[in-house]
Amino acid sequence: MIERTLSIIKPDAVERNLIGQIINIFEKNNIVIRAIKRVKLNKKDAENFYSVHKDRPFFNDLCQYMSSSDVVVMVLEGENAVLKNRELMGATNPKDAAKGTIRNLFALSLDKNSVHGSDSKENANIEIKFFFKDLAN
Ligand code: IDP
Ligand code: MG
């Protein structure tokens, strides 16, 4: 089924000029970049976006980091895009990420792990609406 998901290229990857290389991985895997913008989140934006993690010990550091410099937010579209994006991203901790995944290739650490991706279709809709009002599934 053709579906949409939200991807974010995090500050560590934007700062290292990896936007094109990451998008290339999506496009080579038949994912279409349906919408894209480069934005600087403020701390409140990051806290709202990551509110599901508000009780986790790393919440403050995560929101601080995600609002530290520009990110690139994208709506990805394609066959099973939610799951496919998660596969292309690799595991949260780059030490565990499968070879050839985005996090295996580019991530610096557990927190500076280069990309965010929605983890379910339900959350994809919530996250897409956060940045691109009209594009949810
Ligand atoms: P995900 O990005 O693979 O979906 P989540 O568990 O949703 O992983 O966590 C969101 C983000 O929070 C991760 O991408 C990572 O940057 C950060 N994070 C997750 N677990 C930890 C941790 O134990 N310490 C510090 N940062 C973490
Ligand atoms: Mg997650």
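Here is what the cut-offs are and how they apply
- Residues numbered from 1 in each chain as written.
- Chains lettered and ligands numbered in written order.
- Predicted model: local features only at pLDDT ≥ 70, side-chain atom pairs only at ≥ 80, totals over all residues.
- Heavy atoms only, no water.
- Near = heavy atom within 4 Å.
- Polar contact = N/O pair within 3.5 Å; in protein donor to acceptor, adjacent residues only side chain to side chain.
- Areas by Shrake-Rupley, 256 points an atom, 1.4 Å probe, with all protein chains shown as cover.
- 1 Å grid on protein atoms, 1.4 Å probe; cavity = no way out; pocket = protein on both sides within 12 Å on 5 of 7 lines; lining within 4 Å.
- Sits in = over half its atoms within 2 Å of the grid points.
- Nonpolar A, V, L, I, M, F, W, Y, C, P; charged D, E, K, R; others polar.
- Phe/Tyr/Trp six-rings, centres within 6.5 Å; stacked < 30°, edge-to-face > 60°.
- Lys NZ or Arg CZ within 6 Å of the ring centre and 35° of its normal.

## Observations regarding the site of ligand 1
And then number 1: Every residue near ligand 1 is listed here: Lys10, His53, Phe58, Leu62, Arg86, Thr92, Arg103, Leu110, Asp111 and Asn113.
And then number 2: One of the side-chain N or O atoms of Lys10 is found 3.0 Å from an oxygen atom in ligand 1.
And then number 3: A distance of 3.3 Å is found between an oxygen atom of ligand 1 and a backbone nitrogen or oxygen belonging to Asp111.
And then number 4: Here ligand 1, which alone exposes 530 Å², has 77% of that area covered by the protein.
And then number 5: Applying the majority rule of atoms within 2 Å of the grid points places ligand 1 in the largest pocket.
And then number 6: In the shell around ligand 1, the residues fall into 3 nonpolar, 3 polar and 4 charged.

## Some details on the packing of aromatic side chains
And then number 1: Going through the model one piece at a time under the given rule, you end up with 4 aromatic pairs.
And then number 2: An angle of 85 degrees between the planes, with centres 5.1 Å apart, marks the rings of Phe49 and Tyr50 as edge-to-face.
And then number 3: Aromatic side chains Phe130 and Phe131 sit 4.9 Å apart centroid to centroid with 70 degrees between the ring planes, which places their arrangement in the edge-to-face category.
And then number 4: The side chain of Lys37 reaches across the aromatic face of Phe132, ending 4.7 Å from its centre.

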